[in-house]
Amino acid sequence: MLERLTQFHGKRGWLIFGVLSLAVTVLIPVLNGLPKSFPLSVPDSMIPLMGKFLCFGMAAIAMDLIWGYTGILSLGHSLFFALGGYAMGMYLMRSIAGEGVYRSNLPDFMVFLDWKVLPWYWHGFQSFWFAMAMVVVVPGLLAFVFGWFAFRSRIKGVYLSIVTQALTYAAMLLFFQNATGFGGNNGLTDFKRLLGYSLQAHATKRALYIATAIALVATYLIARFVVTSKLGRVLRAVRDAELKTRFCGYESTRYKTFVWTLSAVLCALAGALYVPQVGIINPSEMQPSNSIELAIWAAVGGRGTLIGPLIGALFLNGAKSFLTAAFPSAWLYVLGGIFVLVTLFLPRGILGLGAFRRLRRAAASPAEATLSPVVGSAPAPSEAAVPAVAVTAAAGGEVPAP
Amino acid sequence: MDKRTRGLARRALSTGLLLLGASASIVACEKEEAKPAAPAAPAPAATAPAAPAAAPAAPADDKGPIKVGILHSLSGTMAISETSLKDVALMTIEEINDAGGILGRKLEPVVVDPASNWPLFAEKARDLIQNQKVAVTFGCWTSVSRKSVLPVFEELNGLLFYPVQYEGEESSWNVFYTGAAPNQQAIPAVEYLMSKKGGGAKRWVLLGTDYVYPRTTNKILRYFLHSKGVADEDIMEKYTPFGHSDYQTIVADVKKFAAGKRTAVVSTINGDSNVPFYKELGNQGIKATDIPVVAFSVGEEELRGVDTKPLVGQLAAWNYFQSIDNPVNKAFIDKWMAYVKKNNLPGGDKRVTNDPMEATYIGIHMWAQAVAQAHTTNVDAVRQAVGYQHFKGPSGFDITMDAENHHLHKPVYIGEVKADGQFRVVWKTDGPIKAQAWSPFIPDDKGKIANWLYPWACGNCTEAKYK
Amino acid sequence: MLSAAPAVRRRRSSSPGWPGLLGATALAAFLLTFVGGSGGAGRLARADALEDAVKGLASSSGETIIQNITQLSKLGDPRGIAALQALTDDRLRAGADGKAWIFDSKTRELVDPLTGAPASASAKPAREVETDNDIRRAAEPVLAELQLGSPDAAVRLGAAQELGKSGSAEAGALLHRAFEREKDKGVREALAVAVARVDVQSPDANLRLSAVQLVTKLGNDQMVGEIQRLLAVGPDGKPAEADERVREEAKYALKAIESRRRLITGFGSVIHGLSLASVLLFAALGLAITFGLLGVINMAHGEMLMLGAYSTYAVQTFFQQHAPGAFKFYLFAAIPVAFIVTFGIGVLLERVIIRHLYNRPLETLLATWGISLLLIQTVRLIFGAQNVAVANPDWLAGGVELVRGLVLPYNRIGVVAFVIAVSIGVWVLLYRTRLGLNVRAMTQNRNMAACVGIHTRRLDAWMFGLGSGIAGLGGVALSQLGNVGPELGQSYIIDSFMVVVLGGVGRLAGAIVSALGLGIVNKILEPAAGAVLGKILVLGFIILFIQRRPQGLFAIKGRTEA
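A brief report on the enclosed structure follows. Because the structure is predicted, anything quoted here is derived from the model rather than measured.

## Describing the interface of chain C and chain A
The interface of chain C with chain A comprises 52 residues on the first partner and 58 residues on the second. Between chain C and chain A the total buried area reaches about 5000 Å² when both faces are included, carbon and sulfur atoms providing 75% of it. When the buried surface of chain C facing chain A is broken down by residue, Asn 359, Leu 362 and Leu 366 of chain C rank first, second and third, together holding 14% of it. With a closest N to O distance of 2.8 Å, Arg 303 of chain A and Glu 363 of chain C form a salt bridge. Every element with two or more residues in the side of chain C that touches chain A is listed here: helix H10 (244–294), helix H13 (361–383), helix H15 (434–444), helix H18 (490–503) and helix H20 (531–548) of chain C. With 15 residues, the top contributor of residues to the side of chain C that touches chain A is H13 of chain C. In terms of residue class, the side of chain C that touches chain A is built from 34 nonpolar, 10 polar and eight charged.

Written as structure tokens, this is what we have:
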């Protein structure tokens, strides 16, 4: 086991990892707990904000698993994020039965719809552990079924992206309907307590933040475990040359389905932690543009590095929060501009810059370091399922000369 | 582009991004620096502990400008409606400042863009109250946005003025509702359509966008219609999602439903969908004299972006129309057009005033009056002073804020669309009517009281808090 | 037209002898003075009554106006038509002299409602007469009654249809007379319906029967309420309708109405589906070209639609300000403008951004998404966040009634015709020109095409521009159908992708067939499942279909990627 752990990073990598995770999990909450007059103290309002960002970071790592390492661009991952969020939201709604505006056992939105009984799919959510199980099971099952059929039919590349986009769009339309029973456009909101602790109390928020930080660290470790294993190598092989991998005897469908389901479950967990910190879950979390933003976080940070998408998520969300306050009319320009410029000039993201070479090397596992840095920027031939493009295989990261 | 240039471009871009990120974090941290918290004014004994912990309210520093938060979407789907509210809020603040400000201090607006994103609304609200230390916030449009910021305002003891007509079923300690509750808009409209003058409708189509406001309003209306003897088979209820643009089938269904009995349509369709709906009515040859349609979300602003030919004669119910003829309204409109001209707002002289804008205007003035009266911006003190405030509204009446349920008393106007995009008033109440936060027609609401005064001190209860 | 009193004719007295002559003369004198005199006096009185009634239309009280409308109905004088028409059109003015004046929109002058003479200065300033639906509801049937005698058949037809909708029982006699006199077939049919509407409440059972029989024959659902009332059972258990035959016929009538409704709904769904399909096709055609021929996923494609719509708005504003006389034709100017604008922007995009991303379709997706955000925000800053109004030119307003009860609006017909024209144009371009030949070669094998001497880079730019240009044309069409706002494109992007993916890439026919299919299926599902569920089902179907047949309906034959 220990032997396996050393495969994750080199020594320097472990050091950096340790420092960062301690900073995130321990240092920040401690700084927040200090009296406000302390110069380095973290203000209270930052805690739920950073918790939100860390959830996005988890989702970005999940995205990297399938895009950076397996070459599947999914434009529907926000669906899994939202489903996890809804499962948590349903638990939170059930836990305040009788305390809503209408003082009824049913959630408020069911009362104003004139429903008299709880629908069958709401049963069981009064138990926290059941809800947690649903956070994992429902998105996981959906991802498994969809992925299995999609990969079996050899749908890939842009087709798969479009189909995943259609999937999340259809789900969003379904959830927007009040008749579906998930609160419609209002979503689930008005949460009061989690496991008995008031969600308004700062101590709860801090605890949620710590839980998110731990979950993030765990997600990172799990992802690292997967990519440094033999499975990870097969994934990279599938990304670079699926046909050849299949001919070598590897059943690519199975590998893809596995990593797809894993990534969906991680996303769902991120969603479940997101909801109590934000206080509302609503179908617009499922919209296709959220998925596209998820992909951009990964692209900006640097795909195929796990750390990169995390950085991308934190950076871009921080910029968005800042810009919507400072430049309300211009922030879309900045965001759109970043999209375009990063795709054009930084195909390997921020981490692809020369300046970060050391960090990348440190982050790479000892085994990886010996490989040439294939950080999936150019798609492998098998990725372009479009018949029109005769592919000049551009392995490696250079943009083909115009 | 050759390799060299590309490399240079790449480096330039990355440096730019890093600088942006660095400056963003520095500025963000600077903004986040907690000012030394001032001790809160001792809350009066009758203050309802609706908020679990009354966090320290606005700073007690009496110098310097008073910060006023403006929480309206400037991008995304709601930008269409909410941008005007931001503009009129800024105009009102400028008006108050030009008259000397309040308590000798100027008002400083703090505008943020929650981008039609509900979690972002909550985040921005928290930012405004905790970091920007605003004394009051004017904002929100959709019920979702209000519901997502409500816990924040209640937790941090902030003050929100909400200017849009809504479905009622709410009364919060921290919110003042300057928009209409259903009994100030929907019920009078239906009564008008039932009357001979309104067409004597016997069948009803309740058509709405699928979210809480139409759902709740239609529920109230259904119970109301039952109480007037209308059977369920004479009521058709249909919902379409936001942004729905193809009404061919629905209008055909309405035509079928209307064959044979006088029918009226009550439309709570919101936003963009109104245009294709009215166009389709025109396409299928339905005139206002055949099947009158009364809308609750179509005002002057929505008509601005629309070819009004198919809408002439259709109805809308509001508490204010730009076409109301009285000196206060004229002054209001003149001020607004001057402001538009001075600041070169897009749309120029085609800009209009509408009900939520008037509600924003009244709300800001009432708050300013309350602050002047209470001699402080402290939320608890101002809250007590806002109740019973009077203001001569552009709607032509003396408008009061009900201290009990935190809603405005508002008059009701019913207007017909004219070809120029304005409304002709065809019916109005004699004076302002009190809002009923809890509709007496819904069985679940029986006995519910919203009364924040002693001894009730609650927004949603059936018996007094203090005996 | 029908005067209240018959014209008096002088009688020539035949003379059966001089007492008879004296008596006849006396009789004649009597008749002349009293009847003729009273006729003359009556005519004078009637003219006064007419003037009073017309003057009363300009009252400030709604009740007074309605009373005067009823008075005009009693008088039955067709000279009252002009005033009533102006009242319903909001063109009636109350002069400062207390009289009613009509505002002539052509000459922009006030004219007398009875004579048409221009108003004197004492009439100004004139205020607008406030009408509301109540007044219009009273005025329209009376207007129709008066128009029944018009020499113009179209006017009579309109009047008959109006009375078929809202005629009162008092108009019954009038309608019968008009029906007997009527020669024009179309007007006769409409009058028959109007007459039936009155007759169904007649005390004569035979009249009632023939009225119900007419409804059975036509299947017209305007009278469904009355028919149902015939079949109703009173609180004492006795049926409302005494005559057995009428009851039987009423049952048949209801059945006929129902079956006709079903027919119309079905037919209507197909027509609506065609209309929806034409919109989808516009959105998808351009995408089929850029995606199919170039392999580029353009997430900014929806924004090209939006830019086309905004170009139309700009052209419309230009015409409104500088060439109001030619406003009818602004669409013809808007089409090339929209095409050029979007073509240009497409070529620009391709040159500056897309060409660097050709081998990386997924990156193209993301980059074009960023471009779409930029475009939306730019438009928002220039034109404002609010929707802008694009008016249908007059010749596109209204519709044609295919069958009774089904109206096909002209603007939708226009869009269908437009999309057919554009599709034909694109087909000709791709399959009958050299340029098209080159493009098809590039699609099949880009490298070989380059080897053979085809200028692939230039063609890339042009094809991308063409795809965007077609989307711009789609924007022109959309501006006539619905809203124009900065986020217009966002609602069409998913649907366009679905059409292209379903139809298969590389063939024009695929896009056309899948657009048609999706549009019609969507509209057929809608009445049963509701708009949203119908859309979800269609999306679900596509997702499943792609699993089975990933290359789409009409996949291009040739070397495809595995």
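The rest of the description comes next.
## Let's talk about the pattern of salt bridges
Scanning the entire structure with this criterion turns up 46 salt bridges over all chains. Where Lys 196 of chain B meets Asp 134 of chain C, a salt bridge forms, and the shortest distance between an N and an O atom there is 3.7 Å. One end of the pair, Lys 196 of chain B, is in the loop between helix H5 (186–194) and strand S6 (203–209); the other, Asp 134 of chain C, is in helix H4 (residues 133–147), on a second chain. A salt bridge links Arg 136 of chain C to Glu 416 of chain B; the nearest nitrogen and oxygen atoms lie 3.2 Å apart. Of this pair, Arg 136 of chain C sits in helix H4 while Glu 416 of chain B sits in strand S13 (residues 413–417), on two different chains. For the pair shown, Arg 136 of chain C and Glu 416 of chain B are each scored as buried. Taken together, the salt bridges that share partners define one network made up of Arg 146, Lys 147, Glu 167 and Glu 170 of chain B.

## Comments concerning the state of the cysteines
Enumeration according to the criterion identifies one disulfide over all chains in this entry. Note that Cys 458 of chain B is cross-linked by a disulfide to Cys 461 of chain B, the S-S spacing being 1.6 Å. This pair shows no difference in class: Cys 458 of chain B is buried, exactly as Cys 461 of chain B is. Just so you know, Cys 55 of chain A is unpaired, no disulfide at all, and the nearest cysteine sulfur is the one on Cys 267 of chain A, 11 Å from it.

## So, the pairing of strand S1 (residues 66–71) of chain B
Put simply, side chains in a regular strand alternate between the two faces of the sheet. Residue and element names in this part refer to chain B. Burial within S1 is extensive, with five of its six residues counted as buried. The pairing of S1 with strand S2 (residues 107–112) spans six bridges and is classified as parallel. Opposite Gly 69, over in S2, you have Val 110 as the bridge partner. Alignment of S1 against strand S3 (residues 136–139), held across four bridges, turns out to be parallel. Looking at S3, one finds that Leu 71 is bridged to Gly 139.

## Looking at the interface of chain A and chain B
Contact residues are listed per partner, giving 45 residues for chain A and 48 residues for chain B. A buried area of about 4400 Å², summed over both sides, lies between chain A and chain B, and 62% of it is on carbon and sulfur atoms. When the buried surface of chain A facing chain B is broken down by residue, Phe 112, Phe 322 and Phe 345 of chain A rank first, second and third, together holding 13% of it. In this structure, the connection of chain A to chain B is made through two salt bridges. Put simply, Lys 52 of chain A and Glu 123 of chain B hold a salt bridge, and the shortest N to O gap is 2.4 Å. At the boundary of chain A with chain B, the tally comes to seven residue pairs in polar contact (both at pLDDT 80 or more). With seven residues, helix H14 (residues 331–345) of chain A is the single largest residue contributor to the side of chain A that touches chain B.

## What to know about the sheet that holds strand S14 (residues 423–428) of chain B
Residue and element names in this part refer to chain B. Strand order across the open sheet formed by seven strands is S7-S6-S8-S9-S10-S13-S14, with mixed pairing between neighbours. The open sheet has two edge strands, strand S7 (235–240) and S14, and neither has a second partner. Across the sheet, the mean angle separating the axes of adjacent strands is 25 degrees when strand polarity is ignored. Sheet topology places S6 next to strand S8 (residues 263–268); six bridges connect them, and they run parallel. Note that in S8 the partner of Arg 203 across the bridge is Thr 263. On top of the sheet, helix H6 (residues 212–227) reaches S6, S7 and S8; it is set at about 180 degrees to S7, its chief contact.

## Quick look at the nonpolar core
Met 88, Trp 122 and Leu 188 of chain A together with Phe 161, Trp 204, Phe 277 and Trp 367 of chain B are the most contacted members of the largest nonpolar core, which has 360 residues in total. With 17 residues, helix H3 (residues 46–67) of chain A is the largest single contributor of residues to this core. Excluding residues within four positions of it along the chain, Phe 277 of chain B makes contact with Leu 207, Tyr 247, Val 251, Ile 269 and Val 293 of chain B. Among the nonpolar cores identified, the runner-up in size contains 25 residues, and Leu 57, Ile 69, Ile 135 and Val 142 of chain C belong to it.

## So, the environment of Gly 243 of chain B
Residue and element names in this part refer to chain B. Along the polypeptide, Gly 243 turns up in the loop between S7 and helix H7 (248–258). Exposure remark for Gly 243: the relative accessible area of 44% places this residue in the partly exposed category. Distance from Gly 243 to Pro 276, taken between C-alpha atoms, is 9.8 Å for residues 33 residues apart in sequence.

## Looking at helix H4 (residues 77–95) of chain A
Residues that lie three or four places apart on an α-helix share one face, since the helix turns once every 3.6 residues. Taking 1.5 Å as the rise per residue, H4 of chain A with 19 residues should run 27 Å; its terminal C-alpha atoms sit 28 Å apart, in good agreement. Burial within H4 of chain A is extensive, with 18 of its 19 residues counted as buried.

## Here's the deal with the packing of helix H5 (residues 153–166) of chain C against helix H7 (residues 185–199) of chain C
Residues and elements named next belong to chain C. It is the contact of H5 with H7, at a shortest axis distance of 8 Å, that shows an interaxial angle of 20 degrees. Considered as vectors, H5 and H7 are oriented roughly parallel to each other. You can see that H5 and H7 cross each other, and the crossing is left-handed. From H5, Ala 153, Arg 156, Leu 157, Ala 160, Gln 161, Leu 163, Gly 164, Lys 165 and Ser 166 reach across to H7, where they touch Gly 186, Val 187, Ala 190, Leu 191, Ala 194 and Arg 197.

## Quick notes on the sheet that holds strand S2 (residues 100–104) of chain C
Within the open sheet, the four strands sit side by side as S3-S2-S1-S4 (chain C). Their pairing is antiparallel. Each end of this open sheet is capped by a strand with a single partner; those strands are strand S3 (109–111) and strand S4 (127–128) of chain C.

## Topic: the packing of aromatic side chains
Enumeration over the complete set of coordinates arrives at 49 aromatic pairs over all chains. Residues Phe 161 of chain B and Phe 176 of chain B carry aromatic rings whose centres are separated by 5.4 Å and whose planes lie at 25 degrees to one another, so their mutual orientation is stacked. Taken together, the residues Phe 161 of chain B in strand S4 (residues 160–162) and Phe 176 of chain B in strand S5 (residues 175–177) connect sequence positions 15 residues apart. Here Phe 176 of chain B falls in the buried class, since its relative accessible area comes to 0%. Put simply, the rings of Tyr 86, Phe 109, Trp 120, Tyr 121, Trp 122, Phe 175 and Phe 182 of chain A pair up and form one aromatic cluster. Lying across the ring of Tyr 239 of chain B, Arg 215 of chain B places its NZ or CZ 3.9 Å from the centre. Its guanidinium or amino end placed over the ring of Phe 179 of chain C, Arg 188 of chain C lies 4.5 Å from that ring's centre, counting from NZ or CZ.

## What about a nonpolar patch on the surface?
Residues and elements named next belong to chain A. Taken together, Val 136, Val 137, Val 138, Leu 141, Phe 144, Val 145, Trp 148, Phe 149 and Leu 269 make up a surface patch of nonpolar side chains, about 720 Å² in accessible area. The leading source of residues in the nonpolar patch is helix H6 (residues 128–152), at eight residues. On the secondary structure map, Trp 148 appears in helix H6.

## Here we look at the environment of Val 279 of chain C
Residues and elements named next belong to chain C. Within the secondary structure layout, Val 279 lies in helix H10. Separated by 129 residues in the primary sequence, Val 279 and Leu 408 have C-alpha atoms spaced 15 Å apart. Excluding residues that lie within four positions of it along the chain, Val 279 makes contacts with Leu 478, Leu 481 and Tyr 492.

## A closer look at H15 of chain C
All names here are of chain C. Considered for burial, the residues of H15 that qualify are Gly 436, Val 439, Met 442 and Thr 443. Seen from one end, H15 has its buried residues packed into an arc of 120 degrees, which puts them on one side. Structural note: H15 exposes Arg 434 and Gln 444 on the side pointing more than 90 degrees away from its buried face. On its buried face, H15 sits against H10, helix H14 (410–432), helix H16 (446–452) and helix H17 (456–481).

## Some points on unusual backbone geometry
All names here are of chain B. Backbone torsion omega between Tyr 454 and Pro 455 reads 5 degrees, so that peptide bond is classified as cis. Despite not being glycine, Ala 115 shows a phi value in the positive range, around 55 degrees. Inspection of the secondary structure puts Ala 115 in the loop between S2 and helix H3 (118–131). For Ala 115, a relative accessible area of 16% translates into the label buried. One non-glycine residue with positive phi stands out, namely Glu 169, at about 60 degrees. With respect to the element layout, Glu 169 can be found in the loop between S4 and S5.

What counts as what
- Residues numbered from 1 in each chain as written.
- Chains lettered and ligands numbered in written order.
- Predicted model: local features only at pLDDT ≥ 70, side-chain atom pairs only at ≥ 80, totals over all residues.
- Heavy atoms only, no water.
- Contact = heavy atoms within 4.5 Å.
- Buried area = accessible area lost by both parts, 1.4 Å probe.
- Salt bridge = Lys/Arg side-chain N within 4 Å of Asp/Glu carboxyl O.
- Helix = DSSP H or I, 4+ residues; strand = E, 2+ residues; numbered from the N terminus.
- Nonpolar A, V, L, I, M, F, W, Y, C, P; charged D, E, K, R; others polar.
- Buried < 20%, exposed > 50% of the residue type's maximum accessible area, 1.4 Å probe, protein only.
- Disulfide = S-S within 2.5 Å.
- Pairing = 2+ DSSP bridges.
- Polar contact = N/O pair within 3.5 Å; in protein donor to acceptor, adjacent residues only side chain to side chain.
- Axes fitted to C-alpha atoms, helices over the stretch in contact; angles between N-to-C directions.
- Core = buried A, V, L, I, M, F, W, Y, C linked by side-chain atoms within 4.5 Å.
- Expected span 1.5 Å × (residues − 1).
- Parallel < 35°, antiparallel > 145°, perpendicular 65-115°, else oblique.
- Left-handed = near helix turned anticlockwise from the far one by under 90°.
- Phe/Tyr/Trp six-rings, centres within 6.5 Å; stacked < 30°, edge-to-face > 60°.
- Lys NZ or Arg CZ within 6 Å of the ring centre and 35° of its normal.
- Patch = residues over 30% accessible without salt bridge, like charges linked within 9 Å, V, L, I, M, F, W, Y side chains within 5 Å.
- Areas by Shrake-Rupley, 256 points an atom, 1.4 Å probe, with all protein chains shown as cover.
- Arc of directions from axis to C-beta.

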